[in-house]
Amino acid sequence: MKNFKTISAPAGPFLLREKKSKFLGFAFPVSSVSEAELRLETLHKDYSDASHLCYAYRIGVEDVHLRMNDDGEPAYTAGSPISGQINAFELYNILVCVVRYYGGTKLGASGLTQAYREAARGVLELAPVILKKAGCLLRLEFDYPSLDEVMGFISQNRLEIKKQEMGLDCMLELIVKKEKSETLVQRLKTINGVRLSKKDVYI
């Protein structure tokens, strides 16, 4: 796993006017292809009267899914420049869409490419960019006699409790930084009665 940049919330519309055509840029954080498709479906409904709805997305960090769509515009004049801006901003898990309303004047291939690029860049400049870091989710299961020692360890190391369940026995889920995970795991294993599992996550 590696650190990556994404956006924390949707952005747009960013409006660009070019020879009476209107270009509306939108950006969405998405974590799966199905989530991107739902966003696109909603945009198609909201802008059903638009001439074109072009987009690109990059989903996944290790196993990356890329897609570009020109939606009837000349090949490589819409999806490709939008994708180029995703690359330029070094973003992952993101969908960028540009809705076009045709204004009656043809822009030509170079004019279209520039317009879609500028609309994508404009909305990405508005988007709240965040850094996602590789981390670990630690799941601890233990009996009540170990509770004080476990909570003392958590307090001492200033760890974040993601989830907790206190029933017949205790369960805690902790989020920790990747680089500290091995040391913390080894120390937690020394606490009597703690059963531990680990999963890679982003934080």
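In the block above lies the structure referred to throughout.
Residues numbered from 1 in each chain as written. Predicted model: local features only at pLDDT ≥ 70, side-chain atom pairs only at ≥ 80, totals over all residues. Heavy atoms only, no water.

**Some words on the nonpolar core**
Right, on to step 1. Judged by nonpolar contacts, the single largest core of 23 residues is most densely connected at F23, A27, I82, I94, V96, Y116 and L124.
Right, on to step 2. Listing elements by their share of this core, those giving two or more residues are β2 (11-18), β3 (21-29), β4 (52-59), α2 (79-88), β6 (94-101) and α3 (108-126).
Right, on to step 3. Leave out the neighbours within four places in its chain, and V96 touches F26, A27, C54, Y55, A56, I82, I86, A120, V123 and L124.
Right, on to step 4. If you look at the next biggest cluster of nonpolar residues, it comprises 18 residues, including C170, L184, V185 and L188. (Core = buried A, V, L, I, M, F, W, Y, C linked by side-chain atoms within 4.5 Å. Buried < 20%, exposed > 50% of the residue type's maximum accessible area, 1.4 Å probe, protein only. Helix = DSSP H or I, 4+ residues; strand = E, 2+ residues; numbered from the N terminus. Contact = heavy atoms within 4.5 Å.)

**Considerations on the sheet that holds strand β8 (residues 134-142)**
Right, on to step 1. One open sheet holds the four strands; their spatial order is β9-β10-β8-β11, and the pairing between them is antiparallel. Strands at the two margins of the open sheet, each flanked by one partner only, are β9 (160-166) and β11 (195-202). On average, each strand axis in the sheet is tilted by 15° relative to the strand beside it, whichever way the strands run.
Right, on to step 2. In this structure, β8 lies alongside strand β10 (residues 170-177), joined through eight bridges in antiparallel fashion. Among the inter-strand pairings, L140 is bridged to a residue of β10, identified as L172.
Right, on to step 3. The strands touched by helix α4 (residues 147-156) are β8, β9 and β10; relative to β10, the strand with the most contacts, the crossing angle is about 15°. (Pairing = 2+ DSSP bridges. Axes fitted to C-alpha atoms, helices over the stretch in contact; angles between N-to-C directions.)

**Here we look at the pattern of salt bridges**
Right, on to step 1. Inspection of the entire model under this criterion finds ten salt bridges.
Right, on to step 2. Among the salt bridges present, the one from E73 reaches R100, with a minimum N-O distance of 3.0 Å. With E73 in the loop between β5 (65-69) and α2 and R100 in strand β6, the pair connects residues that are 27 residues apart, well separated along the chain.
Right, on to step 3. The buried category is assigned to E73, whose relative accessible area is 9%.
Right, on to step 4. You can call R100 buried: its relative accessible area is 4%.
Right, on to step 5. Residues D169 and R195 are paired through a salt bridge, measuring 3.8 Å at the closest nitrogen-oxygen approach. Pair noted here: D169 is in the loop between β9 and β10 and R195 is in strand β11, with a separation of 26 residues, a long-range link. (Salt bridge = Lys/Arg side-chain N within 4 Å of Asp/Glu carboxyl O.)

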